[in-house]
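Observations on the three-dimensional arrangement
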Amino acid sequence: LSADVYPKNILLIGPTGVGKTEIARRLADLARAPFVKVEASKYSEVGYHGRDVESMVRDLMESSVALVRKEHTGSVRSKAIEYAEQRIFESLVAEDNLDEDNAEFLNFEVDELWRPEPGELPDAEDIDPEAVAAADQRHEAREKLREQLDAGQLEDRSIEIEIADNGLSPLTIMGPQGNDAMGIDTSALQEAWGRAPIAKTKIRKMTVAEARTLLADEEADKLIDQDAMHRDSVERAENEGIIFLDEVDKIIGGGSSDGPNVSREGVQRDLLPIVEGCAVYTKYGHIRTDHILFIAAGAFHLHKPSELIPELQGRFPVRVALQALTEADFVRILTEPRNSLVRQYRALLATEGLKLEFAPDGIERLAAIAFRANKTTQNIGARRLFTILEKCLEDLSFEASERSGEAVVIDAALVDQNLGEAADDEYLIPYDL
């Protein structure tokens, strides 16, 4: 049975910037699984100042709710947009005083003892021609207003719209980390606030474009079956959830029996039942952690995985050692991903009308400088590429609006010109790159 098959938790070992977090995040994206990244060093043993380890499961549940809500919203999006358009149209009609009132067609006083039968029409002499003409004008104005709204000609017009007022809970104001740090039961507060009465609606002034987005989300929430969404969220979190536990090497004690090391080893003991499988209470009910995949990661420069408590070591059977990135890896990172830094800078400067191109020798030179900077100073992995590119394109970014319409090619010569002596002088690298 699938219930008897437990996930194979993974321990990633490698220096910073090598891609441990990115691997876990891409895995969650491919599986469309709820994902949360937490840092083990921010948790503390029960009784110490800091966050409770159970809060990571609550964070995962919130991530699952957001993921499932997005999926359910997509299924009713077209209907929600239709309802939002109608609400905007009604607001525009009310502001322009274009409501049709058939009572204005009549010009007679109704006797208290006389009531019209359904479908009964008044006599011709009781109809006011001026009222009929005014109603016809309003009808034509309504139709024209509808055409303008459908054509997108009223996007910048300001309207007053009635929207739901969800208010701010104490958790939103204080923040969940603050509650955990003070020892407050966050889930109990969430449940209590969820039952508290709040203001239903409020009037806000905004543009038609803003109202369309806001009202579409509001109408989608009304169309979604909230109970079914919460059930799906719980099931998704329990069976497909992924918790990425970073900096796990920093909760290994130094061997002394007092001081902060007690808390660090205590965090490992508190993590054990979570990883092994237990029930954690959230505002959506109890969440079982038996089939949640845990991916732990750490550099392990000062400690070894074998220094973790034995019970926790056995809960991470798959261990992967990642090597430091090479210069060739940097070239691939700059060019292959769909959101690579090269593409990001190209799209960013294109907003100013500047066409930016990267020559192969320019990319190779950037990769070489980044690799050397990591060797000369602290190795921060692929994050060094961001620093190098920003330094190289700093002047160009500030001058982009003045150079609109130009085409700039980033080649090796331009890289050396922009980075100057810092690219080759090992004594300047620590200060500039």
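Residues numbered from 1 in each chain as written. Predicted model: local features only at pLDDT ≥ 70, side-chain atom pairs only at ≥ 80, totals over all residues. Heavy atoms only, no water.

1. Focus: unusual backbone geometry
Glycine aside, negative phi is the norm for most residues, and most peptide bonds take the trans geometry. Put simply, the rule is: In this text, helices come from DSSP runs of H or I with a minimum length of four residues, and strands from runs of E with a minimum of two, each type numbered from the N-terminal end. Burial classes follow relative accessibility: with a 1.4 Å probe on protein chains only, a residue under 20% of its type's maximum area counts as buried, one over 50% as exposed, and anything between as partly exposed.
In the Ramachandran plot, Arg32 falls in the positive-phi region, its phi being about 50 degrees despite a non-glycine side chain. Within the secondary structure layout, Arg32 lies in the loop between α1 (20-31) and β2 (35-39). Accessibility expressed as a relative area gives 59% for Arg32, which makes it exposed.

2. A word on the packing of helix α14 (residues 360-376) against helix α17 (residues 412-419)
Condition: For helices, the axis comes from a line fit to the C-alpha atoms of the stretch in contact; other axes are also lines fit to C-alpha atoms, and the angle between any two N-to-C directions lies between 0 and 180 degrees. Throughout, the term roughly parallel applies to angles under 35 degrees, roughly antiparallel to angles over 145, roughly perpendicular to angles from 65 to 115, and oblique to all others. We call two residues in contact whenever any of their non-hydrogen atoms come within 4.5 Å of each other. Gly falls in the polar group here, along with every residue not listed as nonpolar (Ala, Val, Leu, Ile, Met, Phe, Trp, Tyr, Cys, Pro) or charged (Asp, Glu, Lys, Arg).
Close contact between α14 and α17 brings their axes to 7 Å; oriented N to C, the two are set at 40 degrees. In terms of their interaxial angle, α14 and α17 are classed as oblique. Taking contact as the criterion, the partners of Asp361, Gly362, Arg365, Leu366 and Ile369 in α14 are, on α17, Ala412, Val415, Asp416 and Leu419. Tallied by class, the residues present in the contact of α14 with α17 amount to 5 nonpolar, 1 polar and 3 charged.

3. Examining the sheet that holds strand β8 (residues 293-298)
For clarity, the threshold we go by: One bridge is not enough; two strands pair if DSSP finds at least two bridges between them.
Spatially, 5 strands are ordered β2-β5-β8-β1-β9 in an open sheet, and the strand pairing comes out parallel. With partners counted over all chains shown, the strands left at the sheet margins are β2 and β9 (318-321), one partner each. Taken over all neighbouring pairs, the strand axes of this sheet differ in orientation by 20 degrees on average, direction set aside. Of the strand pairs in this sheet, strand β1 (residues 10-13) and β8 are connected by 4 bridges, and their pairing is parallel. Among the inter-strand pairings, Leu12 is bridged to a residue of β8, identified as Ala297. Taken strand by strand, α1 contacts β1, β2, β5 (242-246) and β8, and its axis lies near 175 degrees from that of β5.

4. Observations concerning the side chain of Ser233
With respect to the helices and strands, the residue Ser233 is situated in helix α9 (residues 226-240). Not counting residues up to four positions away in its chain, the partners in contact with Ser233 are Met61, Ser64, Val65 and Val68.

5. So, the nonpolar core
In plain terms, the rule: The definition of a nonpolar core used throughout is a set of buried Ala, Val, Leu, Ile, Met, Phe, Trp, Tyr and Cys residues joined through side-chain atoms within 4.5 Å.
Among the nonpolar cores identified, the biggest contains 41 residues, and Met56, Ile243, Leu245 and Phe294 are the most heavily contacted of them. Where this core is concerned, the elements lending two or more residues are β1, β2, α2 (55-75), α9, β5, α10 (260-276) and β8. Per-element tally for this core: the top contributor is α2, with 6 residues. Once residues within four sequence positions are removed from consideration, Met56 is found in contact with Val36, Val38, Tyr43, Ile243, Leu245, Leu271 and Phe294. Listed in part, the 29 residues of the second largest apolar core include Ile363, Ile369, Ala370 and Leu414.

6. What about the environment of Val208?
Structurally, Val208 can be placed in helix α8 (residues 208-223). A relative accessible area of 0% means that Val208 is categorised as buried. C-alpha of Val208 to C-alpha of Gln153: the two residues are 55 residues apart in sequence and 9.8 Å apart in space. Apart from the residues within four sequence positions on either side, Val208 is in contact with Ile88, Leu149, Leu154, Glu155, Arg157 and Ile159.

7. Describing the pairing of β8
Burial runs high along β8: 6 of the 6 residues are buried. Burial of β8 is two-sided: the residues Leu293, Ile295 and Ala297 facing one way and the residues Phe294, Ala296 and Gly298 facing the other way are all buried.

8. Observations concerning α8
We count it as follows: Every helix has an expected span of 1.5 Å times one less than the residues it contains.
If you check α8, its first and last C-alpha atoms are 22 Å apart, about what 16 residues at 1.5 Å a residue would give, namely 22 Å. Among all positions in α8, only Val208, Ala211, Arg212, Leu215, Ala216, Glu218, Glu219 and Ala220 are buried.

9. Things to note about the confidence of the model for the chain
Parts of the model with low pLDDT should not have their predicted coordinates read in detail. Heads up, the rule is: pLDDT is a residue-level measure of predictor confidence that goes from 0 to 100.
Per-chain confidence: the chain averages 81 in pLDDT, with 78% of residues scoring 70 or above. Model confidence for the chain, summarised as mean pLDDT per element, is weakest for helix α6 (residues 176-181) at 46 and strongest for β5 at 95. Across residues 193-197, where pLDDT falls below 50, the model places 4 contacts with residues more than four positions away in sequence or in other chains.

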